[in-house]
Amino acid sequence: MKAENEQRTGLLYGFGAYGMWGLVPLFWPLLKPSGAVEILAHRMVWSLAVVGLALLALRRWGWIRELARQPRKLGLTTLAALIISVNWGLYIWAVNNGHVVEASLGYFINPLVSIAIGVLVLGERLRRVQWVAVGLSFGAVLVLAIGYGRPPWISLILAFSFATYGLIKKKLNMGGLESLTAETAVLFLPALGYVLWLSAQGQSTFATHGVGHSLLLAATGLVTAIPLVFFGMAAIRVPLSTLGLLQYMAPVFQFGLGVLYFHEAMPPERWAGFSLVWAALALLTWEALRTARRSRARLEVAPVVAAPVVVAPPAREPA
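These remarks concern the structure in this document. (Residues numbered from 1 in each chain as written. Predicted model: local features only at pLDDT ≥ 70, side-chain atom pairs only at ≥ 80, totals over all residues. Heavy atoms only, no water.)

## Looking at the overall build of the protein chain
- Scanning the protein chain for helices and strands turns up 14 helices and zero strands.
- Taken from N to C terminus, the helices and strands of the protein chain fall in the order α-α-α-α-α-α-α-α-α-α-α-α-α-α.
- Across the 319 residues that make up the protein chain, the buried fraction comes to 41%.
- Residue pairs in contact within the protein chain that sit at least 24 positions apart in sequence constitute 86% of those at least 6 positions apart. (Helix = DSSP H or I, 4+ residues; strand = E, 2+ residues; numbered from the N terminus. Buried < 20%, exposed > 50% of the residue type's maximum accessible area, 1.4 Å probe, protein only. Contact = heavy atoms within 4.5 Å.)

This is how it looks when you write it as structure tokens:
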């Protein structure tokens, strides 16, 4: 019963995390007239403040000393921070410049890009269904390139940057709160320097467009940290396969907002491209569920190996 309650709680946290990530396109337009780079800088500054307070409350500081003694890990953390800043900055720019649908495509194809990176970088071998899914995704990119009149660069950069970020995080093997703290700490001084430079140039929107606007910029720290904390709470309570299915919530919400709320154009060729991507994701999901079922079935029917019984030799008759 306790396990069921834990899993139910984990599902609620998962829905909360991916739901917030899916609805975040509604937040970034509220920060206009701030530009994408200024919003990104504030996001870095205020995120460090939020996670710093969280770590202070939890008294989790021991990992900092360990990280400081590992130059390779520090280098990977810096690289992860640079890559995620590109991802965040481009996503903010895309949303505030009318490319919500194309941005959502990036997160739809992200699992497919992760598979491709696994093959090319880690030497992983794909099953037949996975090859079909990757082929469909390449076909989708070609169809969308024809539809847009150019390659869908926003989608591709978002997908490849986030997949690369995931690969680095896999190698770092740090907790969500700790890794976000380390990454924002790496970029804190450049971000703060940019904010102060904008203010000195008279180009900063912080404190010049009213208290409400300043509070919204400060809220970028909460918008960044809260879904990540929810995700961490979900990850320890529900199976990874369930989280893999929940991750599609965010791009589905983003796509819906792009079409229904922001009224972005969806000509037939774009529907065709997205349909190919969705078909590829459906194949991947089916394959993952089938593999998980087979693994469980093998565990359930595996024979119990009994310990060998040692039979004592018969007693010899006395001579």
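Still more to cover.
## Considerations on the nonpolar core
- V101, I109, L112, F255, F274, V277 and L281 are the most contacted members of the largest nonpolar core, which has 27 residues in total.
- Secondary-structure elements contributing two or more residues to this core are α5 (100–108), α6 (110–120), α7 (128–148), α8 (153–172), α13 (249–261) and α14 (268–301).
- In this view, V277 contacts L105, F108, I109 and A140; residues no more than four positions away in its chain are not counted.
- Core analysis: the second largest hydrophobic core is formed by 25 residues, W63, A81, I84 and L172 among them. (Core = buried A, V, L, I, M, F, W, Y, C linked by side-chain atoms within 4.5 Å.)

## Quick look at the packing of α5 against α13
- Two numbers describe how α5 lies on α13: the axes approach to 8 Å, and their chain directions differ by 165°. Viewed along their axes, α5 and α13 adopt a mutual orientation that is roughly antiparallel. Judged by the sense of rotation from one axis to the other, the crossing of α5 with α13 is left-handed. Of the residues in α13, those touching α5 at V100, V101, S104, Y107 and F108 are P251, V252, Q254, F255, G258 and V259.
- Looking at the contact of α5 with α13 residue by residue, the class counts come to eight nonpolar, three polar and no charged. (Axes fitted to C-alpha atoms, helices over the stretch in contact; angles between N-to-C directions. Parallel < 35°, antiparallel > 145°, perpendicular 65-115°, else oblique. Left-handed = near helix turned anticlockwise from the far one by under 90°. Nonpolar A, V, L, I, M, F, W, Y, C, P; charged D, E, K, R; others polar.)

## Let's talk about α7
- Helix length check: α7 (21 residues) gives 30 Å between terminal C-alpha atoms against 30 Å at 1.5 Å per residue, within 8%.
- All buried positions along α7 are accounted for by V129, Q130, A133, V134, S137, A140, L144, A145, G147 and Y148. Viewed end-on, α7 has its buried residues packed into an arc of 160°, placing them on one side of the element. Seen from the buried face of α7, the exposed residues on the opposite side, beyond 90 degrees, are R128, F138, L142 and I146.
- Phi for G149, located one or two positions after α7, is positive at around 80°. (Expected span 1.5 Å × (residues − 1). Arc of directions from axis to C-beta.)

## A short note on the packing of aromatic side chains
- Summed over the entire model, instances satisfying the criterion amount to 18 aromatic pairs.
- Ring centres of Y13 and F230 lie 5.3 Å apart, and the angle between their planes is 75°; this geometry places the pair in the edge-to-face category. Note that Y13 is positioned in helix α1 (residues 2–23) and F230 in helix α11 (residues 220–235), a separation of 217 residues in sequence.
- On the basis of relative accessible area, Y13 is assigned to the partly exposed category, the value being 24%.
- Residue F230 is classed as partly exposed on the basis of its relative accessible area of 28%.
- With 5.3 Å between their ring centres and 90° between their planes, F255 and W278 make a pair best called edge-to-face. Here W278 lies in helix α14 and F255 lies in helix α13, a separation of 23 residues in the sequence.
- On the basis of relative accessible area, W278 is assigned to the partly exposed category, the value being 29%.
- By the ring-pair criterion, three or more aromatic residues cluster together here, those being F108, F255, W271, F274 and W278.
- The side chain of R43 reaches across the aromatic face of W88, ending 4.0 Å from its centre. (Phe/Tyr/Trp six-rings, centres within 6.5 Å; stacked < 30°, edge-to-face > 60°. Lys NZ or Arg CZ within 6 Å of the ring centre and 35° of its normal.)

## Details of the pattern of salt bridges
- All chains considered together, the criterion is met by one salt bridge.
- In this structure, the salt-bridge partner of R150 is E102, at a minimum N-O distance of 2.9 Å. Here R150, found in the loop between α7 and α8, pairs with E102, found in helix α5; they are 48 residues apart in sequence, far enough to count as distant.
- The buried category is assigned to E102, whose relative accessible area is 1%. (Salt bridge = Lys/Arg side-chain N within 4 Å of Asp/Glu carboxyl O.)

## Some points on the packing of helix α2 (residues 36–58) against helix α9 (residues 176–200)
- Running from N to C, α2 and α9 point in directions that differ by 135°, and their axes come no closer than 7 Å. On the basis of their axis angle, the class for α2 and α9 is oblique. Once α2 is placed against α9, the crossing between them reads as left-handed. Contacts between α2 and α9 involve V37, E38, A41, H42, M44, V45, S47, L48, V51, A54, L55 and L58 on the former and, on the latter, L177, L180, T181, T184, A185, L187, F188, A191, L192, Y194, V195 and L198.

In short, geometric facts, not functional conclusions.
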